[in-house]
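If you want the building blocks of each chain, they are given just below.
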Amino acid sequence: MYTNPTPALGAGAATGGTLAATGAASPLWIFLAAFAMIAVATAILRIVPRRRRQD
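Think of each chain on its own: its residues are numbered from 1, step by step along the sequence as written. Thresholds applied to this predicted model are a pLDDT of at least 70 for local features of residues and 80 or more for the giving and counting of side-chain atom pairs; totals over whole chains, interfaces and linings are not thresholded and use all residues. Side-chain metrics in this entry use all non-hydrogen atoms of the structure; hydrogen atoms and water are not considered.

(A) Layout of the overall build of the protein. Helix numbering and strand numbering both begin at the N terminus, where a helix is a DSSP run of H or I of at least 4 residues and a strand a DSSP run of E of at least 2. In terms of regular secondary structure, the protein is built from 2 helices and 0 strands. With a 1.4 Å probe rolled over the protein chains alone, any residue whose accessible area is under 20% of its type maximum counts as buried; one over 50% counts as exposed, and the rest are partly exposed. Classification of the 55 residues of the protein by burial places 0% in the buried group. Within the structure as shown, the protein displays about 5700 Å² of accessible surface, and the carbon and sulfur contribution to it stands at 69%. The Shrake-Rupley method, run with a 1.4 Å probe, gives the accessible areas here. Residue values count only the displayed protein chains as cover.

Put into C-alpha cells, the structure is as follows:
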C-alpha cells in the first residue's frame, strides 16, 4: 500500500483531472469570489508603496 504508488496514480489519472459538478456557478459563490478579489486588491494597494511626483 505504501510502497507502490501505481494504484493511487491510476485513480488520479482515471478522473481526468476534472472537478466534481458542485454548482460552482451559483450567484452566491460568484459574489463571494468577487468580494475576495476586491479585498485582495485593496490590501495589495495598501501595502505597495506609492510613487511620488518630483516637482
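(B) Up close: a nonpolar patch on the surface. Patch definition: residues above 30% relative accessible area lacking any salt bridge, with like charges linked at up to 9 Å and the nonpolar side chains Val, Leu, Ile, Met, Phe, Trp and Tyr linked at up to 5 Å. Definition used for salt bridges: Asp or Glu carboxyl oxygen within 4 Å of a side-chain nitrogen of Lys or Arg. A surface patch of nonpolar side chains, about 590 Å² in accessible area, is lined by Leu-28, Trp-29, Phe-31, Leu-32 and Phe-35. When you line up the elements, Trp-29 lands in helix H2 (residues 27-47). For Trp-29, a relative accessible area of 52% gives the class exposed.

Purely spatial values, then, with no claim about function.
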